[in-house]
Amino acid sequence: MSRSKKFRRARLIVLVLAVLLVGAVAGGGYWGVRTVRASYPVVEGTVKVAGMSAPVDVKRDANGIPQLYADTDADLFRAQGYVQAQDRFWEMDVRRHITAGRLSEMFGSGQVETDGFLRTMGWRQVAQQEYDTKLSESTKKNLQAYADGVNAWLQEHPGGADASLEYALLGAVNGDYKPEKWDPVDSVAWLKAMAWNLSGNMQEEIDRALLSQNFDPDQVNQLYPDYPYARNGTIVKTGTVAADGSFKPADGAAAPTGATTQARAATDALLQGISDKITAMPQLLGRQGQGIGSNSWVVDGKHTTTGKPLLANDPHLGPGMPSVWYQMGLHCRTVSPTCNYDTAGFTFSGMPGVVIGHNKDISWGFTNLGADVTDLYLEKVTGPDTYLVDGKEKKLQTRKETIKVAGGEDRTITVRTTQEGLPLISDQSTEQQHVGQYAPVGNAAPDRATGYGVALQWTALVPGQTMDAVFKLDQATGWADFQAAAADFAVPAQNLIYADTKGNIGYQAPGMIPQRTKGDGTYPAPGWDSSYGWKKDFIPFKALPYSFNPASGYIVTANQAVIDPAGYKYLLTKDWEYGTRAKEISDQIDSRLKNGGKISPTDMQAIQLDNTSVMAQTLVPLLLKVKIDDPYVREAQDLLKDWNFHQDADSAAAAYYNGVWRQLLTLAFGQKFPAGLRAEGDCLLVRQKRDATLPEGAVGNTTQAVTECGTRKASAAQPDGGDRWTEVVRQMLTKPDNAWWDYIDSNHSQQHGLDGLLGEAMKDARQDLTAQLGKDITTWSWGRLHTLTLQEQTLGTDNSSIASGLVHRLLNRGPYQLSGGTAAVDAAGWNAAAGYQVDWIPSMRMVVDLSDFDASQWINVGGASGHAFHPNYNDQTQLWVDGKMLTWAYSSDAVGKAAKHTMTLLPG
């Protein structure tokens, strides 16, 4: 028996062990309970930690959220490393294996392709360069102290069941595995994972290219319409870049603008392979691409009931167990030059500091800016180590990478990069190295011969100082400090909002954002033409848009366009989200401020839970005008008559409307899309030539009906129904005879026109929901369709056997029935091409009260603990589902009153 077969058999054994463990835990058996509880952290008493210079107190509330009190920065971050390792070391260990391209060392040959893709991009190498050459000495000291704390815990728990339940399971199949010491660069590398999932329009580049195989440029443009500047507005209302190169904000109305597209330069098979690689990546922060968003807004004290600013934030990321976020407080007993921090908020396990939150002077939040910071280049590869530029051959740089494989033989790959340092991400799959025979690359393209390669240019592969920015934010005392921190925030480019205790509010766009020599980043560019590429310098930070105390009294960022390009000289992106959530939030604020009204903390929370379907307000009146003869379908249509457009979990009308929305997208667009964009299992009858070599009209060139099935992973399939699709449909509704409204009905007949398609969508939705929810529409509810399952992101996602399903019971939680929906403020997103299951969520919610930090509120999706069956594993989940929040203690008195457990870390 081969090593890999032994590994698979051992994996089955561990799954059987998990079944026994589940039974033992459920029955209270001694072995099961002891195994599960062995890894629970010590939360009371004293523990000696090597390197501590003085005692550090760790106070945990009833939800297990730790607040740390120390006398020096080094002790504070050493304690943070120790405590996060107590709660989340398995998660931290898996994360660093992802960023280093070493998952195969833990989980075997199934991860080799993912590891190869990550090694090709070189996340870990870039993180090492950042640590060695870019980060400040104080940041390095903090990172090292954090690593020392993790390693102090690891020395007490060298692996196995006493470290976490997952290690007990892994040990049965990979008994040789032992966690290595934590390295400071392990923390820095996690920023690359953040950047990957928030990295702009790479998937849009690929999708446009794949669509260009079937549709002309005008049709593709209709699927990527211009941003509605006049209707949905921008974050910074207007502004210009002055003669000195600095941005000058100003108030004023935004005007619509047109968009141009770059010439098509794509290859179907090659780019589909890249897309497959992207969707196969571990999605610890959620699926990549357009539609992933976040909400944040801030209101100044003149417009609040508290007299001080209020700030809200809810980043939208992929769901998982444990939650991607970790709540924490980091406090110096006395803030001084040797102890600089008094901050609390949300961070990531494996990273020191606080990423989003507040200190005693300011608060800040993030949403994804969406800047276009990735470009794909088609490269004419002429040999094993040569490629073509401007008609001349250049040498590719190469390096070898060895991937160690648990239960199998080591794999060695060759990584090739261009002389500009761009990795050829197409190299790790043979099918990606060949070009489609009919790819429309234009007459100026070189002979494709054996195919083009695809190279990636991405700002996250340029060493930056984002880790410095985190610590600067944590210490900032005012707007100037905040902007100085933002200047270091290289990747991922985020919208940063701000409020301070003096009453000021603000916004800053940061990040390394490229300036292109040619093209606009919407399509893959021809690498053989040196006129395409990035300029040496990124957009200067001083030229990036900002706003400080705007006349409106509030600032909203929800992934809408940052600024109208009509008066701004730099291109940030052409692939903005379309502003539906941003306008809804702004409208809600405006309605409360009308006639001298003011915003309360309760209002801020209510806006976060707004689940209105804005698109339904436009579409439902049209649906109700369609004459339906079938009483079976008309019964469902009648659900929409008195609907208030709220997508509540118990709403039958919301269920039916979303069912109709899904069918509309399938009929109008999904039926016409190439297989590379449609979901696996989505099969259509298409007409094909019997002999593709014969020209049109030739004798014998007849057609035949063949079944063509989608090839894309369902979670990334199109049309996904996100905010872009609301804008596409909104514009198409004004053109009832547009060809997009042609469709194939249930009898496989070609039909034409908007009204007919709407009727067909209502009929198909009635049948779909009947199959899923039953014939009696009085029992229907949106929540029964729109469910969330929180999956542990490694062992808990394996669906290969019956036994693995029982592992899911051990590690996963749910399903939960959710309100909300795609493009709603309460953005519980789902992919219309795949089904109704929730695949991205408000990953946390917070409302910060700058008049009294102890009156602030926060909630996490899961809980503080990463240990299955621990009381704090997912104790916040149901509160989150119900739209409730926890009081966020910050002052030492409030933390002391809330503390349920106190542990003191003593010098070792």
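Each value, and the rule that gives it
- Residues numbered from 1 in each chain as written.
- Predicted model: local features only at pLDDT ≥ 70, side-chain atom pairs only at ≥ 80, totals over all residues.
- Heavy atoms only, no water.
- Helix = DSSP H or I, 4+ residues; strand = E, 2+ residues; numbered from the N terminus.
- Buried < 20%, exposed > 50% of the residue type's maximum accessible area, 1.4 Å probe, protein only.
- Contact = heavy atoms within 4.5 Å.
- Areas by Shrake-Rupley, 256 points an atom, 1.4 Å probe, with all protein chains shown as cover.
- Core = buried A, V, L, I, M, F, W, Y, C linked by side-chain atoms within 4.5 Å.
- Pairing = 2+ DSSP bridges.
- Axes fitted to C-alpha atoms, helices over the stretch in contact; angles between N-to-C directions.
- Parallel < 35°, antiparallel > 145°, perpendicular 65-115°, else oblique.
- Left-handed = near helix turned anticlockwise from the far one by under 90°.
- Nonpolar A, V, L, I, M, F, W, Y, C, P; charged D, E, K, R; others polar.
- Salt bridge = Lys/Arg side-chain N within 4 Å of Asp/Glu carboxyl O.
- Disulfide = S-S within 2.5 Å.
- Arc of directions from axis to C-beta.
- Polar contact = N/O pair within 3.5 Å; in protein donor to acceptor, adjacent residues only side chain to side chain.
- Phe/Tyr/Trp six-rings, centres within 6.5 Å; stacked < 30°, edge-to-face > 60°.

Here the focus is the overall build of the protein chain. Along the protein chain, the regular secondary structure elements total 26 helices and 36 strands. Each of the 908 residues in the protein chain was classed as buried or not, and the buried ones make up 63%. For the protein chain, restricting intrachain contacts to residue pairs at least 6 apart in sequence, the fraction spanning at least 24 positions comes to 73%. Surface exposure of the protein chain reaches about 32,900 Å², of which carbon and sulfur atoms provide 50%.

Glancing now at the nonpolar core. In terms of nonpolar packing, the biggest core is built from 236 residues, with Met121, Trp458, Tyr656, Tyr657, Phe669 and Leu905 touching the most fellow members. Looking at which element gives the most residues to this core, the answer is helix α20 (residues 652-668), with twelve residues. Apart from residues lying up to four places away in sequence, Trp458 is in contact with Met121, Trp123, Lys192, Ala195, Trp196, Ser199, Val373, Thr374 and Trp534. Listed in part, the eleven residues of the second largest apolar core include Tyr387, Val389, Leu422 and Leu424.

An order of β1-β36-β2-β3-β8-β9-β10-β11-β18-β19-β23 is seen for the eleven strands of this open sheet, with the pairing classed as mixed. Looking at which strands have only one partner, the edges of the open sheet turn out to be β1 (45-49) and β23 (546-548). When the angles between neighbouring strand axes are averaged without regard to direction, this sheet yields 15°. Alignment of strand β11 (residues 362-368) against strand β18 (residues 494-500), held across seven bridges, turns out to be antiparallel.

This paragraph deals with the packing of helix α18 (residues 614-625) against helix α21 (residues 723-732). Running from N to C, α18 and α21 cross one another at 30°; their axes reach a closest spacing of 11 Å. Here α21 runs roughly parallel to α18, going by the angle between their axes. Between α18 and α21 the crossing geometry is left-handed. Between α18, through Val614, Met615 and Thr618, and α21, the contact on the second element is made entirely by Thr726, Val729 and Arg730. Tallied by class, the residues present in the contact of α18 with α21 amount to three nonpolar, two polar and one charged.

In this section: the pairing of strand β6 (residues 294-299). Consecutive side chains along a regular strand alternate between the two faces of the sheet. Taking burial as the measure, the six residues of β6 include six buried ones, the bulk of the element. A two-sided burial pattern is seen for β6, the buried positions comprising Ser294, Ser296 and Val298 on one face and Asn295, Trp297 and Val299 on the other. Note: β6 against strand β7 (residues 310-317), six bridges, orientation antiparallel. Paired with Val298 across the two strands is Leu311, which belongs to β7. Strand direction decides the pairing type here: β6 and strand β24 (residues 554-557), joined by four bridges, are antiparallel. Its bridge partner lying in β24, Ser296 is registered against Thr557.

At the junction of Val491 and Pro492, the peptide bond is cis and its omega measures out at -10° in the coordinates. Relative to the assigned elements, Pro492 resides in the loop between α15 (479-487) and β18. Residue Pro719 is reached from Gln718 by a cis peptide bond, and omega for that bond is 0°. With respect to the secondary-structure elements, Pro719 resides in the loop between β26 (703-709) and α21. Residues other than glycine seldom take positive phi values, yet Asp390 does so here, at roughly 50°. With respect to the helices, strands and loops of the structure, Asp390 is situated in the loop between β13 (386-389) and β14 (392-395). We note that His748 has phi near 65°; this positive angle belongs to a residue other than glycine. Relative to the elements of secondary structure, His748 occurs in the loop between β27 (743-744) and β28 (750-751). His748 sits in the exposed class, given a relative accessible area of 63%.

Turning our eyes to something else, we now look at the pattern of salt bridges. Scanning the model with the defined rule gives 39 salt bridges in all. Put simply, Asp186 and Arg96 hold a salt bridge, and the shortest N to O gap is 3.1 Å. Taken together, the residues span a long stretch of sequence, with Asp186 in helix α9 (residues 184-197) and Arg96 in helix α3 (residues 73-99) at a distance of 90 residues. Exposure class is identical for Asp186 and Arg96. Each is buried. In this structure, Asp488 engages Lys472 in a salt bridge whose closest nitrogen and oxygen atoms are separated by 2.6 Å. Residue Asp488 is located in the loop between α15 and β18, and its partner Lys472 is located in helix α14 (residues 466-475); the two are separated by 16 residues in the primary sequence.

Moving on: the packing of α20 against helix α22 (residues 754-773). To describe two helices that pack against each other, one gives the angle between their axes and the distance between the axes. α22 packs onto α20 with a crossing angle of 125° between their chain directions and a minimal axis gap of 8 Å. When the interaxial angle is binned, α20 and α22 end up oblique. Considering only the axes of α20 and α22, their crossing is right-handed. On α22, the residues that touch Ala655, Tyr656, Gly659, Val660, Arg662, Gln663, Leu664, Leu667 and Ala668 of α20 are Leu757, Leu758, Glu760, Ala761, Met762, Asp764, Ala765, Arg766, Asp768 and Leu769. Considered class by class, the residues forming the contact of α20 with α22 number twelve nonpolar, two polar and five charged.

What follows concerns the environment of Glu727. With respect to the secondary-structure elements, Glu727 resides in helix α21. On the basis of relative accessibility, which here comes to 3%, the residue Glu727 falls in the buried class. It is 8.9 Å that separates the C-alpha atoms of Glu727 and Leu223, two residues lying 504 residues apart in sequence. With sequence-adjacent residues up to four places away left out, Glu727 is seen in contact with Pro225, Pro228, Arg231 and Tyr578.

Below, the discussion takes up the side chain of Asn151. Structurally, Asn151 is set in helix α7 (residues 137-156). Residue classification places Asn151 among the buried positions, given a relative accessible area of 15%. Dropping the residues within four chain positions of it, Asn151 is found in contact with Lys181 and Trp182.

With respect to the helices and strands, the residue Asn214 is situated in the loop between α10 (202-211) and α11 (217-223). A relative accessible area of 41% places Asn214 in the partly exposed class. In sequence terms Asn214 and Phe673 are 459 residues apart; their C-alpha atoms lie 7.7 Å from each other.

Overall, the coordinates contain two disulfides when judged by the stated rule. Across the disulfide, Cys332 is cross-linked to Cys339 (sulfur-sulfur distance 2.1 Å). Since a negative S-S torsion denotes a left-handed disulfide, the Cys332-Cys339 link at about -90° is left-handed. Residue Cys332 is classed as buried on the basis of its relative accessible area of 5%. Residue Cys339 is classed as buried on the basis of its relative accessible area of 0%. Disulfide pairing places Cys683 opposite Cys709 at an S-S distance of 1.9 Å.

Most of α21 is tucked away: nine of the ten residues are buried. Among all positions of α21, only Asp723, Arg724, Trp725, Thr726, Glu727, Val728, Val729, Arg730 and Met732 are buried. The secondary structure elements touched by the buried residues of α21 are α11, α12 (229-232), α16 (580-593), α18 and α20.

Along α15, the residues classified as buried are Trp479, Phe482, Gln483, Ala485 and Ala486. Viewed along the axis of α15, the buried residues span an arc of 160°, placing them on a single side of the element. Structurally, α15 contributes buried residues whose contacts are with β11, α14, β18, β19 (505-508) and β23.

Here the focus is the side chain of Asn359. Locating Asn359 in the fold gives a position in strand β10 (residues 356-359). Taking the relative accessible area as the measure of exposure, Asn359 reaches 3% and is therefore buried. A polar contact is formed between the side chain of Asn359 and the backbone oxygen of Asp474, at a distance of 3.0 Å. Polar contacts involving the side chain of Asn359 include one to the main-chain carbonyl oxygen of Ala476, which spans 2.8 Å.

Our next topic: the packing of aromatic side chains. Enumeration according to the criterion identifies 44 aromatic pairs in this entry. Measuring from centroid to centroid gives 6.1 Å for Trp90 and Phe107, while their planes differ by 75°, and the two rings are edge-to-face. Of the two residues, Trp90 sits in helix α3 while Phe107 sits in helix α4 (residues 104-107), which places them 17 residues apart along the sequence. The class of Phe107 is buried, set by a relative accessible area of 14%.

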